[in-house]
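Geometric and topological summary
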Amino acid sequence: MKIANNWKDYEVLNSSNGEKLERWGQYIFLRPDPQVIWKNGDLSKTKNLDCYYHRMEGKSGVWEFFTEISKSFQIAYKDLKFKIMPMAFKHMCLFPEQAVNWDMLTDIIKKSPTKLKVLNLFAYTGGASIACAKAGAKVTHVDAAKSMVEIAKENAKLNNITTIRYIVDDCRKFVEREVRRNNKYDIILLDPPSFGRGPNGETWKIEDNIFDFVRLLSKVLVDEPTLVLINSYTTGLQPTVMENILKLTLSRNFKNPKTDSYEIGLPIKNSSVLLPCGCSAVIYENN
C-alpha cells in the first residue's frame, strides 16, 4: 500500500463502525466509509465535531452541522490549493489519498525534457489536473458532470493556472473523437466511478466497460508514451485486475513496458491502523 502521509491540512483522526473522523483544515467531519468494518467506539460523540453526514435508506443522506461552516473553504497540499465543500453523497470535492499519485506524476513531468501532454479522464474536480499542470504539463480535463468541471476551473484559478483545456462530455465519446482527429497524449489518467451516467444518459459500469475502454486508449497514445494510470474505488476489483488490463491492452504501445499495481490509503492519527482507499495500476516505459 502507498500511503498519502504528507498532508498538513488534512488527516484521518479515527475510524470505527463504518465511519471515519477527519480534519479538513480547521473543521472536523464524520463521514461514512464502507471499508471501516471494525469497531473502535462511537465517533458521533466526538467533542468539537463540526459536521456529521447521516446515512438515509434509499437517499443520498444528509449533513448535520454543529457549528457554522463556510459553504466552501480551501486546503493546501504542498504548493497545490483546493476548494473543499460538503456535497451530496458524502463527498468533499477531493480524494486526499490521491496525493500519492500526484507526487508520482509531478516527479515524472518535472523530469521530462519535453512538455508532456496529459489526458485526464473522469477527472472530477481536477486534483490530478492541477498537479500535472503545476508541474508543467499540457492538460486536457474531461468529465461528464458540468458541476464538477466548474469546481475544477475554480481549483485552477486558486493555483493561478490558465492552461488546462476543459471538456464536459462522456469520456468514451470524447476519446473516439480524439482517435478520428488523430490527437495523441504522452500520459493518460483514468479515475472512473464504479457506476455512472454520461450527460446524454450513457451508462458506465466499471466491470463491464473498463477493458474495452482502456483498449481504445491505445489509439490516442503517442508513439513513445510515458505512462497510463488507472484508479479504482470498486471494492471487488483487486489491484492486480487493473494491472492485468493494462498489460493486455497497452503493452504494445511501449517499447519496454513495466507495470505496477498497489493499494492506496491514508494513515490514521496515533494508530497503527491504515485506512484503505482503493487501488491504482500503472504502465510506463521502463527506461
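All of these numbers come straight from a predicted model, not from anything done at the bench.

Attention now moves to the pairing of strand β9 (residues 117-121). Buried residues dominate β9, accounting for four of its five residues. As defined by bridge partners, β9 adjoins strand β10 (residues 138-143) across five bridges and the pair is classed as parallel. Among the inter-strand pairings, Leu-121 is bridged to a residue of β10, identified as Val-142. Regarding topology, helix α2 (residues 127-135) serves as the crossover connection from β9 to the parallel β10, and that connection is right-handed. With four bridges connecting them, β9 and strand β12 (residues 187-190) associate as parallel partners. Bridged to Leu-119 within β12 is Ile-188.

Moving on, we come to the nonpolar core. Within the largest apolar cluster, 50 residues are counted, with the highest numbers of intra-cluster contacts made by Trp-7, Trp-24, Phe-29, Trp-102 and Leu-189. Counting residues in hydrophobic clusters, the runner-up holds 31 residues, among them Leu-190, Leu-217, Val-220 and Ile-230.

So, about the environment of Thr-235. Within the fold, Thr-235 resides in the loop between β15 (227-232) and α6 (239-250). Using a relative accessible area of 57% as the deciding quantity, one classes Thr-235 as exposed. On a C-alpha basis, the gap between Thr-235 and Leu-246 in space is 19 Å, while along the polypeptide they are 11 residues apart.

A few words now on empty space enclosed by the protein. Counted according to the given criterion, the structure contains one cavity of 30 Å³ or more. Along the walls of the largest cavity sit 20 residues, with Gln-98, Trp-102, Gly-127, Ala-128 and Asp-191 positioned nearest its centre. Where the lining of the largest cavity is concerned, the elements lending two or more residues are α1 (99-111), α2, β12 and β15. When residues in the lining of the largest cavity are grouped by element, the largest group, three residues, is from α1. When its residues are assigned to classes, the lining of the largest cavity shows 12 nonpolar, seven polar and one charged.

Turning our eyes to something else, we now look at helix α5 (residues 206-217). Given a rise of 1.5 Å per residue, 12 residues ought to cover 16 Å, and the 15 Å separating the end C-alpha atoms of α5 matches this to within 8%. Of all the positions in α5, only Ile-206, Ile-210, Phe-213, Val-214, Leu-216 and Leu-217 are classed as buried. Projected down its long axis, α5 shows its buried positions confined to an angular sector of 145 degrees, all on one face. Contacts from the buried residues of α5 go to β9, α4 (171-181), β12, β14 (203-205), β15 and α6.

Moving on to the sheet that holds strand β5 (residues 51-54). Strands belonging to one sheet form pairs held by backbone hydrogen bonds; the direction of such a pair is parallel or antiparallel. Strand order across the open sheet formed by five strands is β2-β3-β4-β5-β6, with mixed pairing between neighbours. What marks the edges here is a single partner per strand, and that holds for β2 (10-16) and β6 (62-65). With strand direction ignored, the average angle separating the axes of adjacent strands in the sheet is 20 degrees. Summarising the sheet, β5 and β6 pair through four bridges and their orientation is antiparallel. In the strand pairing of β6, Cys-51 is matched with Phe-65.

Conventions and cut-offs
Residues numbered from 1 in each chain as written. Predicted model: local features only at pLDDT ≥ 70, side-chain atom pairs only at ≥ 80, totals over all residues. Heavy atoms only, no water. Buried < 20%, exposed > 50% of the residue type's maximum accessible area, 1.4 Å probe, protein only. Helix = DSSP H or I, 4+ residues; strand = E, 2+ residues; numbered from the N terminus. Pairing = 2+ DSSP bridges. Right-handed = clockwise from strand over helix to strand, strands pointing away. Core = buried A, V, L, I, M, F, W, Y, C linked by side-chain atoms within 4.5 Å. 1 Å grid on protein atoms, 1.4 Å probe; cavity = no way out; pocket = protein on both sides within 12 Å on 5 of 7 lines; lining within 4 Å. Points joined across faces, edges and corners; volume = space filled by probe spheres on them. Nonpolar A, V, L, I, M, F, W, Y, C, P; charged D, E, K, R; others polar. Expected span 1.5 Å × (residues − 1). Arc of directions from axis to C-beta. Contact = heavy atoms within 4.5 Å. Axes fitted to C-alpha atoms, helices over the stretch in contact; angles between N-to-C directions.

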